[in-house]
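# Structure at a glance
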Amino acid sequence: MSATTLDPRTAARLRRRRLIISVVVASLIIHFMGAIGAGIWVVARYFLPPAATFEVKKEIRIAAEEREHRMNMAEFDSGRPKPSFTDKMSTARPTEFSLPELPLIPVEAVATLDPSDIVSDQLAGLGGMGGGSGTGSGGGGRGGSAVNFFGISDMATRVIIVVDVSDSMFDRQPGKFNAVKQEAEKLIKGLGVNTLFNLIIYEGGSVAMFPEVRPATDSNKTSAAEWIQSVDGGMNKRSMSYFGTYSKMGTGLYEGGGTRLDTAMKQALSMRPSTIFLITDGEINRSSRGREPDPPPGDDDKDGKGGKGGKGGGHQFTGTKISKQDILGIIKNAQKSLEEPAKIHVIHFLTKLAKKDEEDILRSIARGNDGRFKAVKAEDY
């Protein structure tokens, strides 16, 4: 056979055609292999274990409630050592002359810085409690103490305990008034030295232990505990009245006889307290005439009105109740003189069955002065 000789142009076209076919086939093969590899990778993702990942989540902290924060700070405050102070400076007379006694300086005039306040602020900042500063104000305030009286707790910088010492507090449930003394003494002994306090008793008149609130030094707290323990009363103890022993126990305020809660609240609020604890069996009244001094022990009751028939001796008690509007108005007017109104917590010391009108008045006093009300049965103590 003879070989066929192709035209050069035809041969060139055949070469180009074979080259194009080769490129297309190679491209198809490459794409096919890529598709198979991609399919294998996609399927393998569902069967292989996931790779380890690390995720940093933002921690959300919610600030503690103000009351809880105050109580925590109070616990911290009570754990630190308390400085002790003496009432006055004295000398041992190293020379022929002695130093004069220092003059009395009002407590309000002495600006003190408690290092624990600085520590408290730093701890609050580190703890992320930016919702408030210090331990609050008003009911507690920086440098105050945690107080508790018959189960009512609060924070206070200037606390006053107001105690009803009318005959009914002693005679209806004999011996139960001791619980009032114990609770008052317990509150006083738990005060920090950076807290001011006072005690007020009232019946026909109001008597405060100190003319003004005093710092809770060891000596003042000891004196206050002895003072409240000395309080006694009832119709069988005629000398324990505003015109008898009580008037000699402190600074008195007299506006007429009866059971003068209004007088006691005026005297307490005049001392600019932050917190008042009031305990009473509910009677609030004023006599139609002022009480006169009881006759000396051993004198006969010649007018037939004294003895055990009187409201603490001396004369028969005749008077009128003080209405809820009157007592609330008196307290409201006294509160106006304060930079910040005082909290008034009320303990209804039930020496008999509660009277609805008396309980309503006491609840209104607490509710209207940012305080709490609690009824306590004397027979439970």
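Residue numbers here run from 1 along each chain, matching the order of that chain's written sequence. Since the coordinates come from a predicted model, pLDDT governs what is reported: local features require at least 70, and pairs of side-chain atoms require 80 or more to be given and counted, while whole-chain, interface and lining totals use all residues. Each side-chain value is derived from all of the structure's non-hydrogen atoms; neither hydrogens nor water enter the calculation.

Let's shift gears to the packing of aromatic side chains. Two descriptors summarise a pair of aromatic rings, namely the distance from one centre to the other and the angle between the planes of the rings. Any pair of Phe, Tyr and Trp rings, taking the six-membered ring for Trp, is counted once the centres come within 6.5 Å. Such a pair is stacked with planes under 30 degrees apart, edge-to-face with planes over 60 apart, and tilted for the rest. A complete count under the given rule lists six aromatic pairs for this structure. Considering the side-chain rings of F150 and Y381, the 5.5 Å spacing of their centres and the 80 degrees angle between planes classify their relative orientation as edge-to-face. Here Y381 lies in the segment after strand 13 (373–377) and F150 lies in the loop between strand 1 (145–149) and strand 2 (152–156), a separation of 231 residues in the sequence. F150 sits in the buried class, given a relative accessible area of 3%. The rings of F149, F150, F277, F349 and Y381 are connected pair by pair, giving a single aromatic cluster. By definition, any uninterrupted DSSP run of H or I lasting at least four residues is a helix, any uninterrupted run of E lasting at least two residues is a strand, and each is numbered from the N terminus. For every residue, the accessible area obtained with a 1.4 Å probe (protein chains only) is divided by the maximum for its type, and the residue is called buried under 20%, exposed over 50%, and partly exposed between those limits.

A few words now on helix 9 (residues 356–367). Its twelve residues give helix 9 an end-to-end C-alpha distance of 16 Å, which sits within 8% of 16 Å, the value for a rise of 1.5 Å per residue. Within helix 9 the residues assigned to the buried category are E358, I361, L362, S364, I365 and A366. The secondary structure elements touched by the buried residues of helix 9 are helix 7 (261–269), strand 9 (275–280), strand 11 (319–321), helix 8 (324–335), strand 12 (343–350) and strand 13. In this scheme, a helix's expected span is set at 1.5 Å multiplied by one less than its residue total. Note on contacts: a residue pair qualifies if any of its non-hydrogen atoms lie within 4.5 Å across the two residues.

Before going further, it helps to examine the environment of A334. Within the secondary structure, A334 is located in helix 8. Using a relative accessible area of 16% as the deciding quantity, one classes A334 as buried. Sequence spacing of A334 and L269 is 65 residues, and the spatial spacing of their C-alpha atoms is 6.2 Å.

On to the confidence of the model for the protein chain. pLDDT measures the predictor's confidence residue by residue and takes values from 0 up to 100. Averaged over all residues, the pLDDT of the protein chain is 78; the fraction at 70 or higher stands at 72%. Across residues 107–141 the pLDDT falls below 50, and counting only partners more than four positions away or on other chains, this stretch makes 50 contacts in the model. Predicted confidence is poor over residues 289–317, with pLDDT under 50, and the contacts of this stretch with residues over four places away or in other chains come to 56 contacts.

With that out of the way, let us pick up the pairing of strand 2. Moving residue by residue along a regular strand, the side chains alternate between the two faces of the sheet. Across the five residues that make up strand 2, a large majority, four, are buried. Here five bridges tie strand 1 to strand 2, and the two strands are oriented antiparallel to one another. Within strand 2, the position partnered with A146 by the bridge is M155. In this scheme, strands are said to pair when DSSP sees at least two bridges between them.

Axis lines are fitted to C-alpha atoms, over the contacting stretch for helices. Their N-to-C directions set the angle, which ranges from 0 to 180 degrees. Two numbers describe how helix 8 lies on helix 9: the axes approach to 10 Å, and their chain directions differ by 20 degrees. One element, helix 8, and the other, helix 9, form an angle in the roughly parallel class. In terms of crossing hand, the pair formed by helix 8 and helix 9 is right-handed. Where helix 8 approaches helix 9, its residues K324, I327, L328 and I331 are matched on the opposing element by D360, I361, S364 and I365. When residue character is reported, Ala, Val, Leu, Ile, Met, Phe, Trp, Tyr, Cys and Pro are called nonpolar, Asp, Glu, Lys and Arg charged, and the others, Gly included, polar. Partitioned by chemical class, the residues of the contact of helix 8 with helix 9 number five nonpolar, one polar and two charged. Working rule for angles: under 35 degrees goes down as roughly parallel, over 145 as roughly antiparallel, 65 to 115 as roughly perpendicular, anything else as oblique. Left-handed is the label given to a crossing in which the near helix is rotated counterclockwise from the far helix by less than a right angle, and right-handed is the label when the rotation is clockwise.

Attention shifts here to the packing of helix 7 against helix 8. Closest axis-to-axis distance for the helix 7/helix 8 pair is 9 Å, and the angle between their directions is 10 degrees. For the element pair helix 7 / helix 8, the angle class is roughly parallel. Of the residues in helix 8, those touching helix 7 at L261, D262, M265, K266 and L269 are I327, I330, I331, A334 and Q335. When the residues that make up the contact of helix 7 with helix 8 are grouped by side-chain class, the tally is seven nonpolar, one polar and two charged.

In this section: the pattern of salt bridges. Any carboxyl oxygen of Asp or Glu that lies within 4 Å of a side-chain nitrogen of Lys or Arg is treated as forming a salt bridge with it. Summed over the entire model, instances satisfying the criterion amount to eleven salt bridges. A salt bridge links E185 to K189; the shortest N-O distance between them is 2.8 Å. Of this pair, E185 and K189 both sit in helix 5 (residues 177–189), four residues apart, which is roughly one turn of the helix. For E185, a relative accessible area of 17% corresponds to the buried category. Relative accessible area serves as the criterion here: at 52%, K189 is assigned to the exposed category. One salt bridge connects E359 with R363, and the closest N-O pair in it is separated by 2.9 Å. In this pair, E359 and R363 are both assigned in helix 9, four residues apart and thus about one turn of the helix distant. Residue classification places E359 among the partly exposed positions, given a relative accessible area of 22%. Here the salt bridges do not stand alone but share partners, grouping R172, D281 and E283 into one network.

Considering the arrangement of structural elements, one finds D218 in helix 6 (residues 218–229). With 25 residues separating them in the primary sequence, D218 and V193 have C-alpha atoms 8.0 Å apart.

Before going further, it helps to spend a moment on the side chain of T280. Relative to the assigned elements, T280 resides in strand 9. When its relative accessible area of 0% is taken as the criterion, T280 is described as buried. Each residue touching T280, except ones within four places of it in the same chain, is listed here: D164, M169, Y202, I347, H348, F349 and L362.

Read across the open sheet, the three strands follow the order 8-10-11; overall the sheet is antiparallel. With partners counted over all chains shown, the strands left at the sheet margins are strand 8 (258–259) and strand 11, one partner each. Two strands pair when backbone bridges link them, and strand 8 and strand 10 (residues 285–287) are joined in this way by two bridges, in the antiparallel orientation. Paired with G258 across the bridge in strand 10 is R286.

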